[in-house]
Amino acid sequence: MRHKFIKNKLNQSISSAFLVILALLFVGQFFGYIIDYYIFNETLLNGIWPVIFDLLFLLLIVAPIVYYLLENMKKSIIEREKAKNELKESEDQYRKIIELSPDAVIVQRDNIVIYTNDQGAQLLGGSQSSEILGKSIYEFIEKGYEHLLAFHQEGVVPEPVEQKLKTLDGRIIEVESIGVPITFNGEKSILTIDRDITKRKEIEAQLDITQRHYEMIANHMNDLVVIVNKQGQITYASPSHESLLGFTQEEVQSSNTSEFVHEDDEGQLHRLYDDILMTGISQQIEVRVKTKEGCYVWLGIKGSPVMSTENQTSSVIVPENILLISRDITERRHLELQLKHMAYFDELTQLPNRKSLELHMKKAIARMERKDKELAVFFIDLDGFKKINDQLGHKVGDLLLQIVAKRFGKSLREEDFVARHGGDEFIIVLEDITRQYAEEVARRITELLLEPAIIKEHEVSIAPSIGITMYPSESEDLHELIDQADQAMYFAKQKGRNTFTFYHKDLKELESEVVSTPIIKMVQNLRR
C-alpha cells in the first residue's frame, strides 16, 4: 500500500513539475521578445518566423527531454523506495527468526554486546537482554578462551568450537559457538550463535572416567606388561606373554627387547626409548614381535616413563625405567591392509580401480616425459555383456568379468597396467610403446575376448569395442587422455563394434557421419 501511495504522489508531482517547467519556458521566451521590442526596438512582425521556430523548438525538443528526465527521476525514486521496503521486510523476518531461535544469538561490535535475543540473555545469566547490552564480551569469556574471539572476528572459524563462558551469577558454562562477521545496523559486527553443552560435557566426562577404569582393568588382565631399564633390558614381564607369544615369564625376563622385535622395527623401538628418557612423555608405536613358534604378531605399544627420586643428584627427575603396555593389533593391521587394498583395487576382479588408475597414470606420464617416449591408453567396453547379465543373472556376469580380467593378463606385458573403470569398462595403460605396437595389442585383446567362455553350463560370448589415444601426440593430461579413449571407444561401437579406433581431433565429425549411415543404424538396431 505504501509503495502504491508513493507511486501515485510521484505521478502527480512529475505532471505538475512538467507543466510548471513548460510554462516557465514559454513565459521566459515571451519576456525575451518583449525586451527585444521595447529596449532594442526590434519589430515583432519582422521576427515572426524566429518566434514560431523557438516555440516549435520548445514544444518538440525541449519539452520531451524535460519529460524524459522527470520520468527517469520518478522511476529511480520508486525503485529506491521499493528496495528500502524490501530490505526492511527482510530485516523484520530475520529478526523474528533470531528472536524465536532456540539458540543464543549475540551480536558484538568492538567487543561490546549490542544485541542479544532472550535465549542469549538467559545463557549469560540475565533475565532480559538489557542486562547484557553494553557490556564487554570479555566479561563473559573464561580465561584461556580469548583467542577464539579473534578467530570469530577474522572469520577463520567456519565450524563450531567449544569454549567456556562466565555468567552474570558466576557460573562457568560450556558452549558450542560459531561466529561470523556481519553488517549490523550499517556497521561491521560479529554475530555468534551459542548452544549450552554443559550437561552434555558432564555426561561425557563421566563416561570417559568409566571407560578409563574399564580400560585399565582390561589392559592389566590381557595385555602384555613389561618394565625395561635404560639399556632395554627387561626387568619385569607379565604372565600374559605365555598366552600371546608362547614365552614363559622367566624366558622373557632378563632378556633384551630387541631379541623379540622384528629387525626392521628395532630402530623405531630405540627411538621410543630415547624420546621417553629425554622428554619424560609417554609415546606409542606399532611393531612386529616374534612368537615362540617363529612367526610375528603386530603389537601396539605404549611406553611411559617410570620416575624415581632415588639416586637423583639434581632437582630434575629423570626416568629410571620405562613401562611398556602392549596389545595385540594383528587383526586390526590385517584389516587395515584389506581396507587399503579395497581402496585401490576392485573387489570382484582384483584389478586396480579408478583411484589406483589415476595414481598410476600420473607416474606413468611423468616417466614418459622424462624418457621422451609414447604412452597408449585403451578404453575397453564389453559388447553383449548386459544381455548376458540380464538373461543369465549377475553371478554369471560376475564370473565372466573375472574371466575377462584373467585374459587381459595373457595379452599384456608384465609392466602393463589394466584397471576396471566400472561395470563392463576397463582401461589399459601401455608405456614406452609405438602406435603400431598398440594396434597389435588391440588385435590380441580382441581375439582373446572373442573366445567363448563356459560358465555354469552356459556358453557365453562377448566382443570388445576399444578406443585408443596416444600420449603426448593427442594430449598430456591424464583426464583428457581417458576422455579421448572413451570417445574413440564409442566411435568403435558406432562403426559396428568388435573393433578398435584411435582418437584424433576430427573424430566427432566422423562420428556424426557414421551414425547417420543407414547400414550402421540398421546394424545397431539389430544388436539392440
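Only a predicted model underlies this, so the values are computations on that prediction, with no experimental measurement involved.

Cut-offs applied
Residues numbered from 1 in each chain as written. Predicted model: local features only at pLDDT ≥ 70, side-chain atom pairs only at ≥ 80, totals over all residues. Heavy atoms only, no water. Helix = DSSP H or I, 4+ residues; strand = E, 2+ residues; numbered from the N terminus. Pairing = 2+ DSSP bridges. Axes fitted to C-alpha atoms, helices over the stretch in contact; angles between N-to-C directions. Contact = heavy atoms within 4.5 Å. Buried < 20%, exposed > 50% of the residue type's maximum accessible area, 1.4 Å probe, protein only. Polar contact = N/O pair within 3.5 Å; in protein donor to acceptor, adjacent residues only side chain to side chain. Expected span 1.5 Å × (residues − 1). Arc of directions from axis to C-beta.

**Notes on the environment of I137**
Part 1: Following the sequence through the fold, I137 ends up in the loop between α3 (118–123) and α4 (147–154).
Part 2: Separated by 30 residues in the primary sequence, I137 and V107 have C-alpha atoms spaced 9.6 Å apart.

**Here's the deal with the sheet that holds strand β6 (residues 224–229)**
Part 1: Pairing is antiparallel in the open sheet, where 5 strands are placed in the order β7-β6-β10-β9-β8. The sheet is open, and its two edges are formed by β7 (234–237) and β8 (283–290), each paired on a single side. The average angle at which neighbouring strand axes cross in this sheet is 30°, direction not considered.
Part 2: Helix-sheet contacts for helix α9 (residues 330–344) involve β8, β9 (296–307) and β10 (319–328), and the interaxial angle to β9 is about 120°.

**Describing the pairing of strand β13 (residues 425–431)**
Part 1: Judged by how many residues are buried, β13 sits mostly within the fold: 7 of 7 residues are covered.
Part 2: Across the two faces of β13 the burial is the same, with E425, I427, V429 and E431 and F426, I428 and L430 all buried.
Part 3: Looking at chain direction, strand β11 (residues 375–383) and β13 are connected through 7 bridges and run antiparallel. Bridge pairing in β13 places F378 opposite I428.
Part 4: Where strand β12 (residues 417–422) meets β13, 5 bridges bridge the pair, whose relative direction is antiparallel. Note on β13: the bridge partner recorded for R420 is F426.
Part 5: If you look at the hairpin formed by β12 and β13, you'll find 2 residues sitting between the two strands, and G423 has a positive phi there, around 60°.

**Some points on the side chain of N256**
Part 1: By the element assignment, N256 lies in the loop between α7 (249–252) and α8 (266–279).
Part 2: Polar side-chain contacts of N256 include one of 3.3 Å to the backbone oxygen of Q231.
Part 3: Those residues in contact with N256 that sit more than four places away from it in its chain are Q231, G232, Q233 and I234.

**A short note on unusual backbone geometry**
Part 1: Cis geometry is found at the peptide bond from Y471 to P472, where omega equals 5°.
Part 2: If you trace the backbone, P472 turns up in the loop between β16 (463–471) and α14 (478–494).
Part 3: Positive phi values are uncommon outside glycine, yet S254 reaches one of about 75°.
Part 4: By the secondary structure assignment, S254 is in the loop between α7 and α8.
Part 5: Of the residues examined, S254 reaches a relative accessible area of 58% and is grouped as exposed.

**Concerning the side chain of N117**
Part 1: Along the chain, the position of N117 falls in the loop between β2 (112–116) and α3.
Part 2: At a separation of 3.1 Å, a polar atom in the side chain of N117 contacts the main-chain amide nitrogen of V105.

**A word on helix α10 (residues 354–371)**
Part 1: With 18 residues, α10 extends 25 Å from end C-alpha to end C-alpha; this agrees with the ideal 26 Å at 1.5 Å per step.
Part 2: Taken as a whole, α10 has its buried residues at S356, L357, H360, M361, A364, I365 and M368. Considered in projection along α10, the buried side chains sweep an arc of 160° and stay on one side of the axis. For α10, exposure combined with an orientation more than 90 degrees from the buried face picks out K363, E369 and R370.
Part 3: Buried-residue contacts for α10 involve α9, β11, β12, β13, β16 and α14.
Part 4: The N-terminus of α10 is capped by N353, whose side-chain oxygen sits 3.2 Å from the backbone nitrogen of K355.
Part 5: Remark: D372 follows α10 within two positions and exhibits a positive phi of approximately 60°.

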